[in-house]
Amino acid sequence: MKVTLLGTGTSTGVPIIGCRCRVCTSKDPRDNRTRCACLVETNGLHLVIDTGPDFRRQALQAQFKKVDAVLFTHHHFDHVVGLDDLRPFFFDNRSPIPCYARPNTAAVLRTMFHYIFTDGSYPGVSRLELYEPEGPFRVHGRYTPEAAVDVVPIEVYHGKLPMYGYRIGRFAYLTDTNRIPERSFEQLRGLDVLVLDALRHEPHQTHFTIQEAVETARRIGARQTYFIHMTHSMLHAEEDARLPAGINLGYDGLSFHVSNPPPSAF
Ligand SMILES: [Zn+2]
Ligand SMILES: [Zn+2]
Ligand SMILES: [Zn+2]
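This structure is a prediction, so every number in the text was calculated from the model and none was measured.

Q: Would you explain the sheet that holds strand 10 (residues 171-174) in this entry?
A: Adjacent strands of a sheet pair through backbone hydrogen bonds, lying either parallel or antiparallel. Taken in spatial order, the seven strands of this open sheet run 7-8-9-10-11-12-13, and their pairing is mixed. The sheet is open, and its two edges are formed by strand 7 (137-140) and strand 13 (247-249), each paired on a single side. If you compare each strand with its neighbour and ignore which way they point, the axes differ by 25° on average. Pairing geometry for strand 12 (residues 224-228) and strand 13, over three bridges, is parallel. Along strand 13, the bridge assignment pairs Phe-227 with Leu-249. Relative to strand 11 (residues 193-197), helix 6 (residues 210-220) is tilted by about 155°, and along the sheet it contacts strand 10, strand 11, strand 12 and strand 13.

Q: Would you mind going over the sheet that holds strand 6 (residues 128-131) with me for this structure?
A: A sheet is described by the order of its strands in space; here seven strands give the open sequence 6-5-4-3-2-1-14, paired in mixed fashion. Edge positions in the sheet fall to strand 6 and strand 14 (255-257), since each has one partner strand and no second. The sheet shows a mean angle of 20° between the axes of neighbouring strands, taken without regard to direction. Note that strand 2 (residues 37-42) and strand 3 (residues 45-49) share five bridges and pair antiparallel. For Val-40, the partnering residue across the bridge sits in strand 3 and is Leu-47.

Q: Looking at this model, I keep getting lost on the coordination of the zinc ion (ligand 1). Mind explaining?
A: Between any two of four tetrahedral donors, the ideal angle at the metal is 109.5 degrees; between two of six octahedral donors, it is 90 or 180 degrees. Distances from the zinc ion (ligand 1) to its protein donors, namely Asp-78 (OD), His-79 (NE2), Asp-176 (OD) and His-229 (NE2), fall within the range 2.1 to 2.2 Å. One chain supplies every donor for the zinc ion (ligand 1), spaced along it as D-H-x96-D-x52-H.

Q: How do you make sense of a nonpolar patch on the surface when you look at a structure like this?
A: A cluster of nonpolar side chains, Phe-77, Val-81 and Met-112, forms an exposed patch at the surface whose accessible area comes to about 250 Å². With respect to the helices, strands and loops of the structure, Phe-77 is situated in helix 2 (residues 77-80). Accessibility expressed as a relative area gives 48% for Phe-77, which makes it partly exposed.

Q: What is the right way to read the pattern of salt bridges from this model?
A: Two side chains that carry opposite charge are able to pair once their charged atoms sit near each other. Applying the stated rule across the entire model yields 13 salt bridges. One salt bridge in this structure joins Arg-87 and Asp-84, with 3.5 Å as the shortest N-O distance. The partner of Glu-132 in a salt bridge is Arg-110, with the nearest N and O atoms 3.0 Å apart. Of this pair, Glu-132 sits in the loop between strand 6 and strand 7 while Arg-110 sits in helix 3 (residues 103-112), and the two are 22 residues apart along the sequence. Through salt bridges with shared partners, a single network forms among Arg-22, Glu-238, Glu-239 and Arg-242.

Thresholds applied
- Residues numbered from 1 in each chain as written.
- Chains lettered and ligands numbered in written order.
- Predicted model: local features only at pLDDT ≥ 70, side-chain atom pairs only at ≥ 80, totals over all residues.
- Heavy atoms only, no water.
- Pairing = 2+ DSSP bridges.
- Helix = DSSP H or I, 4+ residues; strand = E, 2+ residues; numbered from the N terminus.
- Axes fitted to C-alpha atoms, helices over the stretch in contact; angles between N-to-C directions.
- Contact = heavy atoms within 4.5 Å.
- Donors = N, O, S within 2.8 Å, 3.2 Å for Na, K, Ca; no water.
- Patch = residues over 30% accessible without salt bridge, like charges linked within 9 Å, V, L, I, M, F, W, Y side chains within 5 Å.
- Areas by Shrake-Rupley, 256 points an atom, 1.4 Å probe, with all protein chains shown as cover.
- Salt bridge = Lys/Arg side-chain N within 4 Å of Asp/Glu carboxyl O.
- Buried < 20%, exposed > 50% of the residue type's maximum accessible area, 1.4 Å probe, protein only.

Remember that the coordinates give geometry; whether it matters functionally is a separate question.
Okay, here's the thing in structure tokens:
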């Protein structure tokens, strides 16, 4: 299984429009953070986690030509507004793309994208099917129907908002969170790689700080943890060097391999 962090920035992206701070003007490409999204390639399937405002640019950059499913974490702007840029993935394959979201997020998506999810009569509209899983589910390939991958939604809290992280094999992706319920910690045992929200050093009502994220990463105990959703207060080279062993800042375009047992193992 190959995972690519398509975007690793907070909701404004970094650089922030109009800001001349040392991170926003940094020459280090790792300080250039588009909005959070992730690509998981496994068993011949391509799963996208979130389609934010930078999704089109990210898909061009990562050069992926197929999408088998989309996993939505929650319905904030920076995670969903690029949804219509899924249209090119129908040009050579008109079969629907299944989208998965927690019911509260699915309800908002149906309103935001009424012309796709409710009307659907406009010519060339994306054929997206919205599912609201409450437990583990299996995704089948749009291009290779015999291939499949199992996904476990992990409930986390983003301030007061309940939302989903996702686990696939020994990999888990938890963006936009500052509280993980006990039962979710149990679902996060035995990870090789964890991707976790770590906004900045200063406290925030809906995101983990770096210190909170380090403590949470240690408790989950993945072999390797990457932080995402960072603001412009985080200079990559400086902050990454201060993190404990096995924990690093993610950056746009970072990819890594993780083992994923075949679906029959579930
Ligand atoms: Zn966000
Ligand atoms: Zn700045
Ligand atoms: Zn959010």
